[in-house]
Protein chains: 2
Amino acid sequence: MGRTKHALTWTVGHSDSPVTRPPVAVTASVPGAVQLDWARAEGLPDYAYGQNYLAYEWMEDRYWHYSAILPELPELRAGQRLYLTGRGIDYQFLIRLDGKELHRQEGMFTPFELELTQASAAGGTLEIVVYPAPKREGAAKDRSQASQSCKPAVSYGWDWHPRLIPLGIWDELCLEVREAAHIRRAETFARLLPGAAESAAASVRLEAQLAGTADKLLWRLYDPAGRPVAEREASLGREAADVVVRLDIALDEPRLWWPNGHGEPSLYTSETLLLDSRGTVLDTATSRLGIRSIRLVMHEGAWDEPSAFPKSRSHPPITLEVNGRRLFAKGTNWVNPDIFPGRLNRERYGELLKLAHGAHMNLIRVWGGGIVNKSSFFDLCDELGLMVWQEFPLACNDYEGTPAYLDILDRESRSIILALRSRACLAIWCGGNELFNAWSGMTDQSLALRLLNRNCYDLDPHTPFLATSPLDGMGHGHYLFRDAGSGEEVYQWMPRASCTAYTEFGMPSPAHERLLTRFIPPEELYPPEPGGAWEAHHAFGAWEGDTWLCRETIAHYFGPSDTLGELVERGQLLQAEGYKCIYEEARRQQPKCAMALNWCFNEAWPTAAGNSLVSWPAEPKPALYAVGQACRPVLASARIPKFAWTSGEWFEPQLWLLSDAPFAVAAGQLTATLLVGERSYRLLAWEYPGLPPAANAPGPTVRFRLPEASADGRMTLRLETESHPEWTSSYTLLLRPATDAPRFQRTLNH
Amino acid sequence: MGRTKHALTWTVGHSDSPVTRPPVAVTASVPGAVQLDWARAEGLPDYAYGQNYLAYEWMEDRYWHYSAILPELPELRAGQRLYLTGRGIDYQFLIRLDGKELHRQEGMFTPFELELTQASAAGGTLEIVVYPAPKREGAAKDRSQASQSCKPAVSYGWDWHPRLIPLGIWDELCLEVREAAHIRRAETFARLLPGAAESAAASVRLEAQLAGTADKLLWRLYDPAGRPVAEREASLGREAADVVVRLDIALDEPRLWWPNGHGEPSLYTSETLLLDSRGTVLDTATSRLGIRSIRLVMHEGAWDEPSAFPKSRSHPPITLEVNGRRLFAKGTNWVNPDIFPGRLNRERYGELLKLAHGAHMNLIRVWGGGIVNKSSFFDLCDELGLMVWQEFPLACNDYEGTPAYLDILDRESRSIILALRSRACLAIWCGGNELFNAWSGMTDQSLALRLLNRNCYDLDPHTPFLATSPLDGMGHGHYLFRDAGSGEEVYQWMPRASCTAYTEFGMPSPAHERLLTRFIPPEELYPPEPGGAWEAHHAFGAWEGDTWLCRETIAHYFGPSDTLGELVERGQLLQAEGYKCIYEEARRQQPKCAMALNWCFNEAWPTAAGNSLVSWPAEPKPALYAVGQACRPVLASARIPKFAWTSGEWFEPQLWLLSDAPFAVAAGQLTATLLVGERSYRLLAWEYPGLPPAANAPGPTVRFRLPEASADGRMTLRLETESHPEWTSSYTLLLRPATDAPRFQRTLNH
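Quick caveat: nothing in here was measured; it's all calculated off a predicted structure.

Criteria and thresholds
Residues numbered from 1 in each chain as written. Chains lettered and ligands numbered in written order. Predicted model: local features only at pLDDT ≥ 70, side-chain atom pairs only at ≥ 80, totals over all residues. Heavy atoms only, no water. Buried < 20%, exposed > 50% of the residue type's maximum accessible area, 1.4 Å probe, protein only. Helix = DSSP H or I, 4+ residues; strand = E, 2+ residues; numbered from the N terminus. Pairing = 2+ DSSP bridges. Salt bridge = Lys/Arg side-chain N within 4 Å of Asp/Glu carboxyl O. Least-squares fit on C-alpha atoms with pLDDT ≥ 70 in both. Contact = heavy atoms within 4.5 Å. Buried area = accessible area lost by both parts, 1.4 Å probe. Nonpolar A, V, L, I, M, F, W, Y, C, P; charged D, E, K, R; others polar.

**Student:** What should I look at first to understand the pairing of strand β38 (residues 654-659) of chain B in this one?
**Tutor:** A regular strand places its side chains on the two faces of the sheet in alternate fashion. Residue and element names in this part refer to chain B. The buried count for β38 comes to six of six residues, which makes it a mostly enclosed element. Sheet analysis places strand β35 (residues 634-639) next to β38, joined by six bridges and oriented antiparallel. Paired with alanine 638 across the strands is leucine 655, a residue of β38.

**Student:** Looking at this structure, I do not really get the pattern of salt bridges. What am I missing?
**Tutor:** Note on pairing: side chains with opposite charge can pair once their charged atoms come close. For the coordinates displayed, the defined rule picks out 107 salt bridges over all chains. Between glutamate 391 of chain A and arginine 365 of chain A there is a salt bridge, with the nearest N and O atoms lying 2.6 Å from each other. Here glutamate 391 of chain A, found in strand β25 (residues 387-391), pairs with arginine 365 of chain A, found in strand β24 (residues 363-366); they are 26 residues apart in sequence, far enough to count as distant. For the pair shown, glutamate 391 of chain A and arginine 365 of chain A are each scored as buried. The partner of arginine 454 of chain B in a salt bridge is aspartate 458 of chain A, and the shortest N-O contact between them spans 2.4 Å. Here arginine 454 of chain B, found in helix α5 (residues 447-459), pairs with aspartate 458 of chain A, found in helix α5 (residues 447-459), and the two come from separate chains. Its relative accessible area of 10% is what places arginine 454 of chain B among the buried residues.

**Student:** How should the relation of the copies chain A and chain B be read in this particular structure?
**Tutor:** Note: a rotation about an axis with an accompanying shift along it relates these two copies of the chain. Of the transformation superimposing chain A on chain B, the axial component is 0.0 Å and the angular component is 180 degrees, with the fit at an RMSD of 0.0 Å. Seen this way, the second copy is the image of the first under a two-fold rotation axis. Among all residues of chain A, the one whose C-alpha sits closest to the rotation axis is arginine 454 of chain A, at a distance of 2.3 Å. In this assembly the copies share their binding face: 100% of the residues contributing to the interface of chain A also contribute to that of chain B.

**Student:** Please clarify how the interface of chain A and chain B should be interpreted in this entry.
**Tutor:** The accessible area lost on association of the parts is a frequent measure of interface size. Across the contact, 51 residues belong to chain A and 51 residues belong to chain B. Across the chain A to chain B interface the summed buried area is about 4,000 Å²; carbon plus sulfur atoms make up 57%. For the chain A face of the interface with chain B, the top three residues by lost area are Phe309, Arg450 and Tyr457 of chain A, together amounting to 19%. The partner of arginine 313 of chain A in a salt bridge is aspartate 444 of chain B, with the nearest N and O atoms 2.6 Å apart. Per-element tally for the side of chain A that touches chain B: the top contributor is α5 of chain A, with eight residues. Here the side of chain A that touches chain B is composed, by residue class, of 29 nonpolar, 14 polar and eight charged.

**Student:** Could you clarify how one ought to interpret the pairing of strand β38 (residues 654-659) of chain A in this entry?
**Tutor:** Residues and elements named next belong to chain A. Residues Gln654, Trp656 and Leu658 point to one face of β38 and Leu655, Leu657 and Ser659 to the other, with burial holding for every one of them. In the sheet, β38 pairs with strand β41 (residues 697-701) via three bridges, with the strands oriented antiparallel. From the neighbouring strand, glutamine 654 faces β41, where its bridge partner is threonine 701.

Shown next, in the form of structure tokens:
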């Protein structure tokens, strides 16, 4: 009894129409991507090496025909049913059985289920035809081709992603044998009832949709330790078919799900059993659920801000309140971890998400240019206490509200909402990326965004909804350590900024040297030059100015780099110090500021240089460690006026103790020391006060005449507390001899 | 055949419960209000006089029982049906027939239709019990009591409206005899197809919902001149009952509906006939429709505005584009024209709306603190080319999204949308007034506003939707000629402001003396003092500072006023000049600014002083004329630095030619003259350039040494063009002798 799954063995080939059989078929990996199958079979060079990805481009315009022979299955007992179930095919496709069309669909996020009980026979041929990648008619060959579909725009080319548009069966697809009576859907909804988090009560509801006729539905809830908590049952009788069964359990003092740094991400387990009259289990559905409330609220003081006439509105709320506790969201922007999402799985997601968790992050913004991830991504976020800001697949385009587009967006968005609304980790729905900016041109009146608001309201009203990011009060950018135009550094613009949330900011660096050697041909490796593999991998001409390698900025501070290793080390130092500056400054701006999310965490392929903290597939840069330090619950911190200093100058960092921890901090002493070469200078000892939970203490400003420079041209500001070595912070800065400065500045003028 | 309506004769009385019969019943006017019925019968003093309204307050907490005896009706032929139809009962009520409950409802905007065919007999007693006014539990005795209902908040007391909460049957209620087969709904939807307005094509759709069984539906469309344009028919057969019939007509070069000042508000007529197999007409439905498109678009240059990192979003769009033409919205805020909306009718609406039309207005913002008006209001707006910005009944409160509130808001908002969505005049839906400001405390996450956006999207997606006003970029206020705190005048803050839309701004004045004598007792009339009838009618302690009489401001400029007439004339001059300044300055700020709507047009009862342009019921103040001048399609205009001048000072107004007209303006000469007493000084002659449609020309700045003052202490700047006397503008300002100024300034310090 119950259900069994059976894999199919697929081949794939291409042709120029949905009805033309491909002349050649090769073995297909499912889930996967047609490009990977074809490249493997035909021996194409690795797309990630040099400029090889260009050799893959033709594949986006072909019709790809998957084919599988139905296997011998144990003869279906009377009443059993056979289904073909798919979680996602990318992007437009049709399915045939022995030449007869069974199904036709546009959209990779809507699962499907086809009953084959009558139609199938062993030896029959299943065919799936995947259409060419969708392209808006008349659009330029860039992301705007994706502006009338729900195909993620990033694959059409971005400043950190080559144009390479995956196609194929990208998520689970199998045959499934079920009893006639089975569970179509078993969804839990947990509501935390108002009251203090400590003594809260919750209600948990099961909504089950059933097929066929059975006797009884049994629902069991287990606590996070696996102990049974409660059991409910519903007698079904005759009317069981296609009805929705609702059962409720009230919980006193439930174990709450808390984001990383605020408590355990406790998960209950729900088990739903469908029984016949003899008590035989016909079907089972198991899922986990977290009990928590999440709201977006106005920051403290938001309503008090003085404002002259004519008065406009207050900024929209962007402070997360979880289980009644307002918290500072420390996190990152998540992009597709692979050009080919078909090969993502729990292991791949886990490597990355554990790095984010280890860096004290609690919020992942899943950027609208990419995919909505597979269920194992959300399993991990649930388990790790990582809240998810989930965008719909819209980014940096004007998604015009034509009937055809609204139709596909309606279907795909409903599928996405239904798949994720019961997740503890799901914190925010968002329409997409930068849609209210000039380069997109959408507005509050855009029908696509009104539709998404409507669908979220209808299907998941208690999860916050944002039309896009940034909204009024929020900021995106800057993406450079130093703006060559204004000469301004992150150390200057960031303290002047006053956003409610920094939902994107970047800081570029080159990849590690050992990674660069894997995809840059040896003859191009050093010095990096535009036009070849470096540029293909986004080191040159990627975004504004000298991005993303930023040779000029590196030379501005350090002079010429003699080796690739030296160049990489310097660029990575700027990234690490720059990111640290932003996260710590954003935290200083609490409570008005409630969010800091860097652009970006990961990457879809090996970039030679870029803003990510982790190189593809999961190789941390030094900046990840720096960000982790800046995101510690409590840390000693300094507001530093600039990066490059000269002997004899007054060094004037301001000391802070930062805390977004849910616990109080006792008073103590913080000492500031400057390390220059072998020498060490004690700058100041600050008796910092005791702090309530989630409160910062601004401290004194050091005033210290800088000593002679050391041979390495660097100095380190070190902040330590006697009682808490885990709060220690270090900042690496430049210290030049007084006469040395002009030599470096010359490099600016070439 | 067809339908016939029969009035009922009602009495009304009150008791302390829905089941207790009132001891006394008096004649009731329907539509009307229980307060008016009771006052008339019991001889209560006029609520509008002195402080008499206080004597009406108890009525808000009573149960009001309407009663009517069913009349003898011509015996219903076989198959005919009898209905009780009501357009609106204010606010919560139940309906009984011979003691048996037929219907129960909360909400005054949802019509109802009860079939009485079986239940009724002549001599039966219909009862309607109206419940006490809704009050949020625990709320203070002010507008916050309205924050969990769809009862308009204004009745609970405002700075220009006494606390007096109407109750009763406020819109049509009658018996209706219909054939079994009849038209339940016949709604037209006109869509202007893309293309230049001149050569546009349109499609018009009829959607009819039918009851019973009939043979044929015939639909005829007549053009604005009454000539038949097209006819469509649908054969119904057996399946007619409760189906929706859709018919379409395509129109080439239709006559478009244009807002006031841009063309004719042409209206087509739709006639829907339901026929039986012999061709007998069973039922008819007639309505008018206008063919136009309305969108909210970004203003010219909106996407180009430079913005440093971190970048936020662009302002939301608030420029109206009608039939493909962007236009400047000149208009006003509309409030309930009566405390008792039950006595509003086409005549009352017409008096006011014709004044707005005559003042060159094209947009009426129906403020969310008040009611949604009766259908005759929209008939008139359709006919006069007045676009309507319609708010839902939410204002200046935090309407918490409790299940009970969302339920009533859902039903009432759907009723409102369905009633108005086919109106040509309907330009904007808006969630309500100032909901994103501190005094309300709602946010983008508020479920009530997400619900309204959802309902508007579902039922009327092509009409723009705003969550509230103001949104980012838009401004409300100021509401004073001179801010006593900063000493700043409208002449200074308005040129400095930079809003995309001024959707509220006020300028107070006293009412005409002859009106004041109608409701201020003679012994209180002069001088006005706080505490009595003047304060009850909002002259004192109404809003911030010395509002709304603004004695101190008047004294600041003019010194003491010896008579009421003098005080009124001075206050009204400030209002007129102040409003003119704002409208003209807003027009100078085109195209970034696209809207100027003063607060407010009319009033609900006679205020002694306030911001309205028209005193209750329909008495224009001088400011209405001034605003009409400022809103002419083309006018000579001046940007004037301040109001009060001194002899010998340099007078430096800047000359402008303003045009939002849809036609071009030829070049010409504009002369500026200063009139001081009997003397006249020619300041400048400006050869202004030719202008394309809807473009302003900034001109030179006058520099003129002011001459000696005249006895009246005033001067007039007059701008004239030789060719267009209708563009002439005049500005009245103060001119004081050089030594005279200190005397007036002393009056500030008391």
